[in-house]
Amino acid sequence: MTAKIKLNAASGGGSFSIQAPSSSSNNRVITLPDTDDFVLSTNRPAFRARLAVQTNHSGNPSLVPFDTKDFDLGGCFNATTSAATLNGISVPAHSFLPNVAGTYCISFTATSNSSTSGTITQMRALLYKNTDVISTFYQDPKDADPEHIVSGSGTTIISLNGTSDYIQLKMQMAASGGTLRHLASEGGNVLSAYKLII
């Protein structure tokens with residue numbers, strides 16, 4: 001026999017149940033806080049996206065085109081090249097727009113290079129909430145010894161409203177020559193986030 005507590009909804013005819021496992025030798029306790037309006041929470045939505053295909057970019061603030069999702073709990077990351085409707089919300093290309101309001105931990109790694117060795121003179125990774133920069137990583141190699149590959153990472157915590165706030169990562173670079181590229185190898189460009197339980 002399986003132990004179950006069943007609660008009937010006040011209206012609509014539905015019910016909710018709490019059910020114990022069918023077999024266990026342990027005694028488990030769920031303790032609820034003595035507060036009004038307590039809601040069990042999870043740290044979802046959560047996702048991790050990365051760039052799997054190297055792409056060229058202009059050097060101006062250029063959206064990192066994350067094209068592969070390692071996981072997307074809640075289905076809130078758009079890994080396509082155009083806006084998509086996810087959970088009933090229009091999500092811009094290569095963006096995270098959670099459908100649950102809350103405080104989120106956002107992390108990024110950004111890596112680019114130039115097709116011509118020794119030409120990069122400046123790089124900024126720019127994390128955006130909507131159209132505002134909320135976190136940045138800046139690298140400025142000395143011009144007498146410019147870099148061929150530049151990379152940076154960062155983490156921040158930000159509130160998102162669950163209806164229209166979205167997150168994007170862009171790169172801004174300067175180089176004296178060559179074609180600038182978002183690199184796709186070894187996790188060079190990664191964006192991830194999860195909702196904090198607070």
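Residues numbered from 1 in each chain as written. Predicted model: local features only at pLDDT ≥ 70, side-chain atom pairs only at ≥ 80, totals over all residues. Heavy atoms only, no water.

Draft legend 1. Just the overall build of the chain, in detail. In terms of regular secondary structure, the chain is built from zero helices and 17 strands. Over its C-alpha trace the chain gives a radius of gyration of 22 Å, far above what one expects of a compact globule, namely 16 Å for 198 residues. On the principal axes, the C-alpha backbone points of the chain span a range of 75 × 40 × 30 Å. For the chain, buried positions account for 37% of its 198 residues. Within the chain, residue pairs in contact and separated by at least 24 positions form 68% of the contacts whose partners lie at least 6 positions apart. When the accessible surface of the chain is totalled, it reaches about 11300 Å², and 48% of it is carbon and sulfur. If the 13 positive side-chain charges of the chain are averaged to one point and the 13 negative ones to another, these points end up 9 Å apart. (Helix = DSSP H or I, 4+ residues; strand = E, 2+ residues; numbered from the N terminus. Rg over C-alpha atoms; globule rule 2.2 N^0.38 Å. Buried < 20%, exposed > 50% of the residue type's maximum accessible area, 1.4 Å probe, protein only. Contact = heavy atoms within 4.5 Å. Areas by Shrake-Rupley, 256 points an atom, 1.4 Å probe, with all protein chains shown as cover. Lys, Arg positive; Asp, Glu negative; His and termini not counted. Charge placed at Lys NZ, Arg CZ, Asp CG, Glu CD.)

Draft legend 2. Highlighting the pairing of strand 3 (residues 46-50). Of the strand pairs in this sheet, strand 3 and strand 6 (residues 68-73) are connected by five bridges, and their pairing is antiparallel. Pairing of A46 across the sheet is with L73, part of strand 6. As judged from the five bridges shared by strand 3 and strand 17 (residues 190-195), these two strands associate in the antiparallel manner. The partner of F47 across the bridge, within strand 17, is A193. (Pairing = 2+ DSSP bridges.)

Draft legend 3. Spotlight on the environment of T80. Here T80 shows up in the loop between strand 7 (77-78) and strand 8 (84-86). According to the relative accessible area criterion, T80 is partly exposed, its value standing at 37%. In the structure, T80 is positioned eleven residues away from V91 in sequence and 9.9 Å away in space, judged by C-alpha atoms. Setting aside anything within four residues of it in sequence, one finds T80 in contact with A93 and H94. At 2.5 Å, the side chain of T80 and the side chain of N78 are in polar contact. In this structure the side chain of T80 is engaged in a polar contact, spanning 2.8 Å, whose partner is the backbone oxygen of S82. (Polar contact = N/O pair within 3.5 Å; in protein donor to acceptor, adjacent residues only side chain to side chain.)

Draft legend 4. Representation of the nonpolar core in the model. Grouped together as the largest cluster of nonpolar side chains are 25 residues, with contacts concentrated most on F96, I106, I167 and L191. Listing elements by their share of this core, those giving two or more residues are strand 3, strand 11 (102-114), strand 12 (120-129), strand 14 (149-160), strand 15 (167-175) and strand 17. Dropping the residues within four chain positions of it, I106 is found in contact with L127, G154, T155, T156, I158, I167, L191, S192 and A193. (Core = buried A, V, L, I, M, F, W, Y, C linked by side-chain atoms within 4.5 Å.)

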